[in-house]
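# Coordinate analysis (summary)
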Amino acid sequence: ATIAKYISQVRRCYETSLKTNPAIQGLVEVSFMINGTGMLDYSKVKRTTLKHAETEKCITTKMMNWKFPKPKGGVKVPVNYPFMLRPVGR
């Protein structure tokens with residue numbers, strides 16, 4: 001639910017890049033750590049078929065401001081999440 005709340009930021013990163021490179025599409029799998037406060041300790045690209053550094057950096061940078069529910073017991077929670085990016089209507 002939290003990722004769904006922020007997915008428009010990911011789309012914006014991608015759509016901005018599409019303006020200058022209309023052919024890019026692919027998967028960006030992001031690895032991140034939710035800390036005890038619900039904020040992220042880090043956000044980095046684990047695997048990508050998009051191969052567009054500007055878009056990938058935009059996504060991981062925006063994610064650092066996302067607020068997740070606090071993990072029970074204040075433990076850190078590692079997450080890998082795939083974003084499939086393709087132009088709308090394709």
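Presented here is a report on the structure given in the accompanying data block. (Residues numbered from 1 in each chain as written. Predicted model: local features only at pLDDT ≥ 70, side-chain atom pairs only at ≥ 80, totals over all residues. Heavy atoms only, no water.)

## Some remarks on the overall build of the protein
Counting its secondary structure elements, the protein contains two helices and three strands. Counting from the amino terminus, the protein carries its helices and strands in the arrangement α-β-β-α-β. Here the C-alpha atoms of the protein give a radius of gyration of 14 Å, agreeing with the 12 Å that 2.2 N^0.38 yields for 90 residues. Principal-axis analysis of the C-alpha atoms places the extent of the protein at approximately 45 × 20 × 20 Å. The burial tally for the protein puts 40% of its 90 residues in the buried class. For the protein, the share of sequence-separated contacts (at least 6 apart) that also reach a separation of at least 24 residues comes to 70%. With 16 positive and 5 negative side-chain charges, the protein shows a spacing of 6 Å between the two charge centroids. (Helix = DSSP H or I, 4+ residues; strand = E, 2+ residues; numbered from the N terminus. Rg over C-alpha atoms; globule rule 2.2 N^0.38 Å. Buried < 20%, exposed > 50% of the residue type's maximum accessible area, 1.4 Å probe, protein only. Contact = heavy atoms within 4.5 Å. Lys, Arg positive; Asp, Glu negative; His and termini not counted. Charge placed at Lys NZ, Arg CZ, Asp CG, Glu CD.)

## Some remarks on the state of the cysteines
Evaluated as defined, the whole model comprises one disulfide. Note on cysteine connectivity: Cys-13 is disulfide-linked to Cys-58, with sulfurs 2.0 Å apart. On the sign convention where negative is left-handed, the bridge of Cys-13 and Cys-58, at about -75° about the S-S bond, is left-handed. Highlighted residues: Cys-13 in helix 1 (residues 2-20) and Cys-58 in helix 2 (residues 53-63), separated in sequence by 45 residues. (Disulfide = S-S within 2.5 Å.)

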